[in-house]
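# Observations on the model geometry
Letter by letter, the chains look like this.
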Amino acid sequence: MIKAILIDDEQMSRNTLRKLLELYCPEVQVMAECEDTAQGDVQIKNLQPDLVFLDIAMPGQNGIDFLKSMGEINFEVIFATAHDKYVLQALRFAAVDYLLKPVEEAQLVTAVNNAAKRIQAKNLSKNVQAFLHNIQLRAHGNEMQLCIPDLQGFQVVQISDIIYCEAENTYTCFFLKNNREIVASRPLIDYETMLEDSGFIRIHKSTLINMKHVKEYQKGEGGVVIMSNDKALDVSRRKKEHFMNRMKEVFKY
């Protein structure tokens, strides 16, 4: 069983979530329900839960400030939130599971399954810490951190350290500063969607680049970009116009 606590100021939201857990996630045992973070703090200390469902937007102290005040976090967190662009981006970058209200059962089951894997692997809090870092920098996408899942768990990297990414079947190879490489167990399209607001652009069906690391462009049918690590990457003919327009937006020339 997974011991869980619900922290949400809305009684109806807590009732709905509890019923959905009973129906679709019977492995989760709700130990307590709290209407604010003060109650949540007491119950977390008393009950030592494996998992906390935490609403982000609450009167008084919100969920983000609550976690910042806790110091060490030794439980898994699933956030509940509304459609806030920057909060959602920070969550996605950090590979933190979240529920959009109103909660859908499929979304809940996926989030609980992911949390259960991290609980079993005792791989807690690093992604939450990355989220707390990201939320402070939510207007500065390239300074945020990205959690990259691999076969051992996940690695946390600075987005500004990513030079480019390449598709490898259903995996993505990340090429970073200092000759670091990481193979992620997610397809390139996921990272294109995730990173498009952080200065990244697809220049080829198999290549996503960080425009801040472009060192040179050489003309051709599509052309070639030289990255900061001196790697030459082809720009497809179909992507050339979009790439050039984005370059004009980012760099003055």
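The shown structure was predicted, so the numbers you read here are calculated from the model rather than taken from an experiment.

### Things to note about the packing of helix α1 (residues 11-24) against helix α5 (residues 105-120)
- With their axes 10 Å apart at the nearest point, α1 and α5 run at an angle of 70° to one another. When the interaxial angle is binned, α1 and α5 end up roughly perpendicular. Within the contact between the two elements, α1 uses Leu17, Leu20, Leu21 and Tyr24 and α5 uses Glu105, Leu108, Val109 and Val112.

### So, empty space enclosed by the protein
- In this structure the tally under the stated criterion is 1 cavity of 30 Å³ or more.
- Volume-wise, the largest cavity comes out at about 60 Å³.
- Leu6, Ile7, Asp8, Ser13, Arg14, Leu17, Phe53, Leu54, Asp55 and Ala80 are the residues that line the largest cavity.
- Of all the elements in the fold, those that place two or more residues in the lining of the largest cavity are β1 (2-7), α1 and β3 (51-55).
- Split into classes, the residues belonging to the lining of the largest cavity amount to 6 nonpolar, 1 polar and 3 charged.

### Digging into the packing of aromatic side chains
- One pass over the structure, following the stated rule, counts 4 aromatic pairs.
- Seen in terms of ring centroids, Phe174 and Tyr191 are 4.9 Å apart; in terms of plane orientation they differ by 90°. Their pairing is edge-to-face. Pair noted here: Phe174 is in strand β9 (residues 171-176) and Tyr191 is in helix α7 (residues 188-195), with a separation of 17 residues, a long-range link. The residues Phe174 and Tyr191 share a single accessibility class, namely buried.

### Focus: the environment of Lys101
- The topology assignment puts Lys101 in the loop between β5 (98-100) and α5.
- For the pair Lys101 and Ser13, spaced 88 residues apart in sequence, the C-alpha to C-alpha distance is 8.5 Å.
- Not counting the four nearest positions on each side in its chain, Lys101 is found in contact with Asp8, Glu10, Ser13, Asp55, Ala80 and Thr81.
- Among the polar contacts made by the side chain of Lys101, one reaches the side chain of Asp8 at a distance of 2.9 Å.

### Some remarks on the nonpolar core
- Core analysis: the largest hydrophobic core is formed by 49 residues, its most contacted members being Phe79, Phe131, Leu146 and Phe174.
- In this view, Phe174 contacts Leu146, Ile148, Ile162, Tyr164, Cys165, Arg180, Glu181, Ile182, Ala184 and Tyr191; residues no more than four positions away in its chain are not counted.
- Judged by nonpolar contacts, the second largest core, of 17 residues, contains Leu17, Cys25, Leu99 and Ala115.

### Describing the sheet that holds strand β15 (residues 232-234)
- One open sheet holds the 3 strands; their spatial order is β13-β14-β15, and the pairing between them is antiparallel. Both edges of this open sheet fall to β13 (214-218) and β15, since each of them pairs with a single strand only. Neighbour to neighbour, the strand axes of the sheet diverge by 25° on average, direction disregarded.
- Of the strand pairs in this sheet, β13 and strand β14 (residues 224-227) are connected by 4 bridges, and their pairing is antiparallel. Considered in β14, the bridge of Tyr217 is made with Val225.

### Overview of the pattern of salt bridges
- One pass over the structure, following the stated rule, counts 14 salt bridges.
- As a salt-bridge pair, Glu76 and Arg118 come within 2.8 Å of each other at their nearest N and O atoms. One end of the pair, Glu76, is in strand β4 (residues 76-81); the other, Arg118, is in helix α5, with 42 residues separating them in the sequence. Residue Glu76 shares its accessibility class with Arg118, and that shared class is buried.
- For Asp161, the salt bridge goes to Lys177, with nearest N and O atoms at 3.7 Å. With Asp161 in the loop between β7 (153-158) and β8 (162-168) and Lys177 in the loop between β9 and β10 (181-184), the pair connects residues that are 16 residues apart, well separated along the chain.

### Topic: the layout of surface pockets
- The computed volume of the largest pocket comes to approximately 670 Å³.
- As for the largest pocket, its lining consists of 23 residues, of which Ala95, Asp97, Asn114, Arg118 and Pro149 are closest to the centre.
- Broken down by secondary-structure element, the contributors of at least two residues to the lining of the largest pocket are α4 (85-93), α5, β6 (145-150) and β7.
- Considering only residue class, the lining of the largest pocket consists of 10 nonpolar, 7 polar and 6 charged.

Definitions and cut-offs
Residues numbered from 1 in each chain as written. Predicted model: local features only at pLDDT ≥ 70, side-chain atom pairs only at ≥ 80, totals over all residues. Heavy atoms only, no water. Axes fitted to C-alpha atoms, helices over the stretch in contact; angles between N-to-C directions. Helix = DSSP H or I, 4+ residues; strand = E, 2+ residues; numbered from the N terminus. Parallel < 35°, antiparallel > 145°, perpendicular 65-115°, else oblique. Contact = heavy atoms within 4.5 Å. 1 Å grid on protein atoms, 1.4 Å probe; cavity = no way out; pocket = protein on both sides within 12 Å on 5 of 7 lines; lining within 4 Å. Points joined across faces, edges and corners; volume = space filled by probe spheres on them. Nonpolar A, V, L, I, M, F, W, Y, C, P; charged D, E, K, R; others polar. Phe/Tyr/Trp six-rings, centres within 6.5 Å; stacked < 30°, edge-to-face > 60°. Buried < 20%, exposed > 50% of the residue type's maximum accessible area, 1.4 Å probe, protein only. Polar contact = N/O pair within 3.5 Å; in protein donor to acceptor, adjacent residues only side chain to side chain. Core = buried A, V, L, I, M, F, W, Y, C linked by side-chain atoms within 4.5 Å. Pairing = 2+ DSSP bridges. Salt bridge = Lys/Arg side-chain N within 4 Å of Asp/Glu carboxyl O.

That's the geometry; what it means functionally is another story.
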